[in-house]
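Take a look at the letters that make up each chain.
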Amino acid sequence: MAVGKPVRYFVILSLLILVCVGRAGAANPADSLSRKLKEREFRRLIEYGYDIEQYQQSALQLVDPVGDAYLIRQLDTIPVKLLGYIASGTLPQSDVQRQRDSSFRIGRTVPIDTEQLLRDCAQVMRRHFPSVCPYLGEEHRWSDEARNYLRYGFFHRMERHIAGWQREFPAPLFGRSKLFLCLACGWTSRFCVTGCEEALKDRLMAYPDRGVQPLDVFAESYVLNKGNIYLTFLTCENVLAGRPHRKGRELDPLQRKLAYIRHDSKELGDNYGAWYHLFGIALYAVMRTDIESNFVAGAESFGSFFLEGPDRQEYYFNRYGAVFGQEFRKMLDSGGWWLL
């Protein structure tokens, strides 16, 4: 009996599907093996091959599996350090603040005009257009190996801690983004490098002492990062917040170049804090929703209050830095930078 054309077409199509599935099936074992080898290597880094104090990205890597493993292990050191800060009542760089005399009063004037800063940033963007065009850019993110590991990683490290193979108690990460955790710990300059940090430092060091304003940092970074807004703010943050909890930070040569932007009764001690609070929360607000950035700004202020006591100026930099970042993102999305 002759086979009709529809039946022949169906048979041919079925054979083609079987061939394709067979090829896919033949490729899958290799892909699966490669994935398992990567995950095994990631676990090895978590367990044995890490140096939690020394890892440093050397160039821009938006996805960095090795760095992710080091970061997760470094985060495990936070609970003990936090308990130490609570016990001592201060952060390491706060030693200078303890030396303030009794006449010192925290400034109660809002230290930044967010509307004016936004207009000035828009002017910078217009001035460099069209050779430099603004765009949001991509943020640093967890690698596939890290995302897979984070599903069970807390229990894996807890098991190792109980067995005595890992000294630190594992930190629960609650599925937070890499950017959030690095900003919260002040580690973006180690795990979220842009590659423009040294160039920005060189440009800022050419300014006169106390001559650098927030707009100058933005403008220099914007040009260096060729309009990538995420990298622009991140480069500013990395330069201003490199190892933020180290002692002697107030002696850095770059500090002499930065204007004293706190509205305190007098210049005293570390000048980095106000700057990196401003750019750090602005960066997060640019990349997240208003609700998320407001929550983080409030949590940051509460954490500082808990560890170091009330500081209205720091609260202002967190609060209005978030407002600035939120309005900047709206200006970027709407194209309003061309009109302000």
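Above: the structure in question.
Small disclaimer: the values here were computed from a predicted structure and weren't measured.

1. Quick look at the pattern of salt bridges
No. 1: Considering all chains together, one arrives at 15 salt bridges under this definition.
No. 2: Of the charged contacts, one joins glutamate 41 and arginine 44 as a salt bridge, the two residues approaching to 2.9 Å between their closest N and O atoms. With glutamate 41 and arginine 44 both in helix H1 (residues 5-47) and three residues apart, the pair spans about one turn of that helix.
No. 3: For glutamate 41, a relative accessible area of 37% corresponds to the partly exposed category.
No. 4: Between aspartate 68 and lysine 178 there is a salt bridge, and its shortest N-O distance comes to 2.7 Å. With aspartate 68 in helix H2 (residues 65-75) and lysine 178 in helix H7 (residues 178-185), this residue pair connects regions lying 110 residues apart in the sequence. You'll find aspartate 68 and lysine 178 in the same group, each marked buried.

2. Observations regarding the packing of aromatic side chains
No. 1: If you walk through the whole model with that rule in mind, you get 18 aromatic pairs.
No. 2: Between the aromatic rings of phenylalanine 218 and tyrosine 222, the centroid separation amounts to 5.7 Å while the plane-to-plane angle is 20°, which identifies the pairing as stacked. Separated by four residues within a single helix, phenylalanine 218 and tyrosine 222 lie in helix H10 (residues 214-224), roughly one turn from each other.
No. 3: Aromatic pair phenylalanine 233 and phenylalanine 328: ring centres 5.2 Å apart, planes at 85°, arrangement edge-to-face. One end of the pair, phenylalanine 233, is in helix H11 (residues 229-240); the other, phenylalanine 328, is in helix H15 (residues 312-334), with 95 residues separating them in the sequence. The two residues phenylalanine 233 and phenylalanine 328 agree in class, both being buried.
No. 4: Each member of the aromatic cluster is reached from another via a ring pair, and the members are Phe218, Tyr222, Phe233, Phe279, Phe324 and Phe328.
No. 5: Its end group placed over the ring of tyrosine 48, arginine 160 keeps NZ or CZ at 5.3 Å from the ring centre.
No. 6: Directly above the aromatic system of phenylalanine 180 lies the positively charged group of arginine 176, at a separation of 3.9 Å from the ring centroid.

Thresholds applied
Residues numbered from 1 in each chain as written. Predicted model: local features only at pLDDT ≥ 70, side-chain atom pairs only at ≥ 80, totals over all residues. Heavy atoms only, no water. Salt bridge = Lys/Arg side-chain N within 4 Å of Asp/Glu carboxyl O. Helix = DSSP H or I, 4+ residues; strand = E, 2+ residues; numbered from the N terminus. Buried < 20%, exposed > 50% of the residue type's maximum accessible area, 1.4 Å probe, protein only. Phe/Tyr/Trp six-rings, centres within 6.5 Å; stacked < 30°, edge-to-face > 60°. Lys NZ or Arg CZ within 6 Å of the ring centre and 35° of its normal.

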